[in-house]
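# Structure assessment
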Amino acid sequence: MTIPATVPVLGWAWDDLLFLGLAGILLGAALLVVLGRDIIHSGLWMMLCFGALAGVYALLGAPLVAVAQVLVYVGAISVLVLFAIMLTQSKAGPLRLVFHRQAWVAAIASIVLFALFVVVVAEGDWPQRAAEVTRTATDQLARLLFNDYVLPFEGVGVLLLAAVIGGVYLAKRDPGQGGSL
Amino acid sequence: METLVTLLLALPIAGFGATALVGRRLGRQAFWLPVGAIVTAWAVGMVVAFSALTGQPPFTGEHGQGFGFSLYRWIPAGDFTVDLGLYVDNLTAALLIVVCTVGMLVHVYSIGYMEHDPGYWRFFAYLNLFMFSMLLLVLADNFLVLFVAWELVGLCSYLLIGFWYKRRSAALAAKKAFIVNRVGDLGFSLGIFAVWTTVGTLNFQDAFRGLDQKIAAGALEPWMVTGIALLIFTGAVGKSAQFPLHVWLPDAMEGPTPVSALIHAATMVNAGVYMVARANPIFAQAPEAMVVVAGVGIFTAILAASIAFTQNDIKRVLAYSTLSQLGYMFAGLGVGAFTAAIFHLVTHGFFKGLLFLGSGSVIHAVHEEQDMRKMGGLARRIPWTYATMLVGSLAMAGIPPLAGFFSKDEILGSAFRNGFLVVWAVGFVVAGMSAFYMFRMMGLTFWGESRVDPHVAAKIHESPWSMRVPLVLLAAATVVIGALLGWPLEGGTIHAWLDPLFEPARELLGLEHEAFGGLDVALVLASVAMATLGLAGAVRLFGAGAGRFRWPARLADRDALVASVPGARFLYRASVNKWWFDDLYHLLFVVIGGRAGAALRWFDERIVDGSVNGIATVTVAAGRGLRVIQTGRVQNYAMGIALGLVALTLAYLAGLFR
Amino acid sequence: MSGSLDAYLLLAGALFSIGVFGFLARRNAIAMLMSIELMLNAVNLAIVTFGAFVPALTTHASVIALMVMAVAAGEATVGLAIVIAIFRNRRTPLVDEYDAMRE
């Protein structure tokens, strides 16, 4: 069975369908993250959101970034977040009040901000842009990363080490302090 | 010579320091250090003065240039540099003779006079500090050092007037002297600023030269020179207690008598005269200011003389006579007789120091009684004091050949010949008045019936040697110094010393040296006659003589005089009340000034402070209001960031679409 | 549509706005951290988008995106550790009860 060149019925390009689908999942999941009442569910929706974003990266022709997204965000950070959630959930159960009192102001601000993005994107005249997506060659990326960017790369490595040590130090329970955590 | 001049300053200040530090422990022996320092300083001062006056090296030339050097650069501030510089010329030397000699004798005298005072060491410490300040004043080579010394002598004067600070009147008198002097000092400092802004230097010689050049180049308006001269003169008016700032000097008699002799008769009050003489190049460029100087001087002379007529406190009589004589000196400066004025300064320093020390001896003898109505007939009880005081009084009255005669007549003669006839006429009258009140004082104190309290009368005693010796030495100086320096008239040694110094000023003023002639003889005879008349009048009214040679006081004549002169009662009351100057100043400055001060205080508290406090209140209220937004919650702050981002982007877009 | 820079940028903008809203509106500290992750991802998306549509930036954009990811991972580690530390002291994950900055 061969795949048609365009989507049946709609007549779109497959890429467009993929983009719409991924974008829908991405935004929907993101909204659920911030609006959901149960924090555990929020964490799970975030994993979905990150996964969809990995798809978008693949669509943008950046496979390595897509893979890294899956590994780092879906794999590591989300798990970390879920652990933190479980550690901090009090036994009183889910909190009734999810939102801050300033939530409505925040909503207006974010909508205005989005509107501003729209204006900027619509008005922005981006120079030298290609009509098509340029794919990233992974070998070139590796060459660049380990030549021109080797110093920042090492710096990031040190930073991560520091972050790990700091995280351990901060989260470590004080020897003199009891508690059920 | 640098070493000697520096030593001259170092000795008194070292004496002050040592006495101030250890004097209290030494008790009655405290006088050794300070008196020793001053006696040594006297010797050094004499050496310096005579090598200057005789033109020894480094004083170049015959009675010529002075000798100056800088101890160190005191203020190096860009264009503005002031050295701690010292300068000795013949004028300084003349002052050195008076300051050192009278100062030394007063120190010796104080050993006896202050013997029973608990503040013995403190007194000597202050006296030494004063000597240092006064010497610095005459040695200064620029206006700023002079001003510092000027303030230092003012400080010493304040400390010594208020020496018996437990006595309320003494503390008040000290304060009065200090405050009245500040008025003059304000003018003086403004004058110094004016000198700096016009010529850019404070050194005397440079400043005078610069001023002359500026005037010659036409860069300086005449009124500016007059202004500078008058401002400087204001300082002299304050320090030398001339009208209208004369009110402090009589009250200054609250201090110990040696202080009155040294500071308030022989040295400090002369500082104004010295300073005007020093600044003669400025004054010579400003004839209008000279007229003011002469006017103020001669007015003070007659005003003070008229008050001295009726004072009953022996020291106050002398204080007013000091005012009067200082007035003479200023009159002399004003008419262009600089040499004569300095000559009078020198002679007055000696005979008025003598009179004050004598009065101190009298007061000592009658147990700290200063009221002449409770004296009388003391001549035989304290003969040394009596004899020396008589010499002083005759000198003061202007009887030849004593000191006062020469100098006073030179001033009067110069006034007449330089065309200041009014000054001469008033001075002539004052000469008679001086003789009168001096012999009224002698009459009330030494002659006639004794009115001493019977309890005290038995214990009247002559003063100790330490007090008698200075009296005798000063009396001797008073006898000889006039003739020594002033003979022949208008051509004596003092003229040889000082005339070259004042020659440029005299030329500028267009005054010529005239040989002593027939006119002068006539003037001298007239003023001697006037003085004799005043003396005779006083003797007739208040009596004279002791033992077999005596003229009793004629009380009937007094009454007849009062009845015959119209307005005599008014004049008497005016004199007793010092022409109501104290009351006038009380009204002007204490009552009205106090009201103005209260009004200003209200303004300051309500309007100035009010506005400041108002700002503070508004700030506090605003802070209290704004504290609400400091919630401490991170999301509120993040909201601020988000809204700020929105606002910034909007502003950017607004700029983009315009 | 998938070939349009604007579409991707709008997607990134939308994601960022959602993140902002979450950060400002949620009371839970961990929810706030998740919102921060959303915002970071939005930025990353914008970077990769520019890389895809501007040939001169293609490889560089990927490198930068990787760097951002690494930094974000570090941030998440430290942030969550801080949340846990605060929670241990204050016994609540609710941010609006943390007002120590008021003092």
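Overview of the structure. Predicted, not measured: the structure shown is a model, and the values here were computed from it.

Procedures and definitions
Residues numbered from 1 in each chain as written. Chains lettered and ligands numbered in written order. Predicted model: local features only at pLDDT ≥ 70, side-chain atom pairs only at ≥ 80, totals over all residues. Heavy atoms only, no water. Helix = DSSP H or I, 4+ residues; strand = E, 2+ residues; numbered from the N terminus. Buried < 20%, exposed > 50% of the residue type's maximum accessible area, 1.4 Å probe, protein only. Areas by Shrake-Rupley, 256 points an atom, 1.4 Å probe, with all protein chains shown as cover. Salt bridge = Lys/Arg side-chain N within 4 Å of Asp/Glu carboxyl O. Pairing = 2+ DSSP bridges. Contact = heavy atoms within 4.5 Å. Phe/Tyr/Trp six-rings, centres within 6.5 Å; stacked < 30°, edge-to-face > 60°. Lys NZ or Arg CZ within 6 Å of the ring centre and 35° of its normal. 1 Å grid on protein atoms, 1.4 Å probe; cavity = no way out; pocket = protein on both sides within 12 Å on 5 of 7 lines; lining within 4 Å. Points joined across faces, edges and corners; volume = space filled by probe spheres on them. Nonpolar A, V, L, I, M, F, W, Y, C, P; charged D, E, K, R; others polar. Buried area = accessible area lost by both parts, 1.4 Å probe.

### What about the overall build of chain A?
Helix and strand counts for chain A stand at 6 helices and 0 strands. Counting from the amino terminus, helix and strand elements in chain A follow one another as α-α-α-α-α-α. Counting all 181 residues of chain A, 31% fall into the buried class. Total accessible area on chain A stands at roughly 10800 Å², and carbon and sulfur atoms take up 71% of it.

### Observations regarding the pattern of salt bridges
All names here are of chain B. Per the counting criterion, the structure on display carries 10 salt bridges over all chains. Between Glu254 and Arg167 there is a salt bridge, with its nearest N and O atoms 3.0 Å apart. Of this pair, Glu254 sits in the loop between helix H9 (248-251) and helix H10 (257-266) while Arg167 sits in the loop between helix H5 (143-161) and helix H6 (168-199), and the two are 87 residues apart along the sequence. The exposure class of Arg167 is partly exposed, given its relative accessible area of 37%. We note a salt bridge from Arg601 to Glu605, for which the minimum N-O separation is 3.1 Å. Of this pair, Arg601 and Glu605 both sit in helix H25 (residues 581-626), 4 residues apart, which is roughly one turn of the helix.

### Brief notes about the pairing of strand E2 (residues 80-88) of chain B
Residue and element names in this part refer to chain B. In this structure, strand E1 (residues 67-77) lies alongside E2, joined through 8 bridges in antiparallel fashion. Counted as the bridge partner of Ala77 is Phe80 from E2. Connecting the antiparallel pair E1 and E2 is a turn made up of 2 residues, with Gly78 showing a positive phi of about 65 degrees.

### What to know about the side chain of Ser110 of chain B
Its place among the elements puts Ser110 of chain B in helix H3 (residues 90-113). If near-sequence neighbours (up to four positions away) are discounted, Ser110 of chain B is found in contact with Glu115, Tyr120, Phe123, Phe124, Leu127 and Pro258 of chain B.

### Topic: the packing of aromatic side chains
All names here are of chain B. Counted under the stated rule, the structure contains 35 aromatic pairs over all chains. Taken together, the ring pairs in this structure connect Phe31, Trp32, Tyr120, Phe123, Phe124, Tyr126, Phe163 and Trp164 into an aromatic cluster. If you follow Arg182 out to its NZ or CZ, it ends over the ring of Phe178, 4.2 Å from the centre. Here Arg468 stacks its cationic end above the ring of Trp465, 4.1 Å away from the centre of that ring.

### Focus: the layout of surface pockets
Once rolled over the atoms, a probe with the size of a water molecule shows which space is left empty. Residue and element names in this part refer to chain B. If you add up the space inside the largest pocket, you get close to 1100 Å³. Put simply, the parts of the chain that give the lining of the largest pocket at least two residues each are helix H18 (421-446), helix H22 (518-542), helix H23 (555-564) and helix H24 (568-576). Of the residues belonging to the lining of the largest pocket, the class tally is 16 nonpolar, 7 polar and 6 charged.

### Structural notes on the interface of chain A and chain B
Across the contact, 12 residues belong to chain A and 11 residues belong to chain B. Taking both partners together, chain A and chain B bury about 960 Å²; carbon and sulfur atoms supply 79% of that area. Ranking the residues of chain A by area buried against chain B places His100, Gln102 and Leu116 of chain A at the top, with a combined share of 45%. Counting across the interface, chain A meets chain B through 0 salt bridges. The residue makeup of the side of chain A that touches chain B, split by class, is 8 nonpolar, 2 polar and 2 charged.

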